[in-house]
Amino acid sequence: MTSNIHPSHDPAELGELERSILAIVWRRAEVTADQVREELGRPLKDSTIRTVLRRLEEKGYLKHSVEERTFV
């Protein structure tokens, strides 16, 4: 996932987990769901991370690309 933030977006309106994930994406520029999960250091399932990333994309904060069947 990569950052796709617009001036109208306010990360303060997001939940704590969403903000934590955005901070990782902003720091790394490109990241996979597995990399986010590892860096968070919290006992979360892969599906939870993917769901949050998808919701952040729907809200316009992120965008993804596909590299060899992996969402980045």
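Okay, so let's go over this structure. (Residues numbered from 1 in each chain as written. Predicted model: local features only at pLDDT ≥ 70, side-chain atom pairs only at ≥ 80, totals over all residues. Heavy atoms only, no water.)

### What about the overall build of the chain?
Moving on, step 1. When you go through the chain residue by residue, the secondary structure sums to three helices and four strands.
Moving on, step 2. Counting from the amino terminus, helix and strand elements in the chain follow one another as β-α-α-α-β-β-β.
Moving on, step 3. A burial count over the chain gives 32% of its 72 residues as buried.
Moving on, step 4. Taking the intrachain contacts of the chain between residues at least 6 apart in sequence as the baseline, contacts between residues at least 24 apart amount to 58%.
Moving on, step 5. Approximately 4700 Å² of the chain is accessible, and the part contributed by carbon and sulfur atoms is 47%. (Helix = DSSP H or I, 4+ residues; strand = E, 2+ residues; numbered from the N terminus. Buried < 20%, exposed > 50% of the residue type's maximum accessible area, 1.4 Å probe, protein only. Contact = heavy atoms within 4.5 Å. Areas by Shrake-Rupley, 256 points an atom, 1.4 Å probe, with all protein chains shown as cover.)

### Observations concerning the environment of Leu17
Moving on, step 1. You can see Leu17 is positioned in helix H1 (residues 16–28).
Moving on, step 2. We classify Leu17 as buried; its relative accessible area is 18%.
Moving on, step 3. Remark: the alpha-carbon pair of Leu17 and Ile49, spanning 32 residues in sequence, is separated by 9.2 Å.
Moving on, step 4. Residues contacting Leu17, with those up to four places away along its chain left out, are Leu40, Arg42, Leu44 and Val52.

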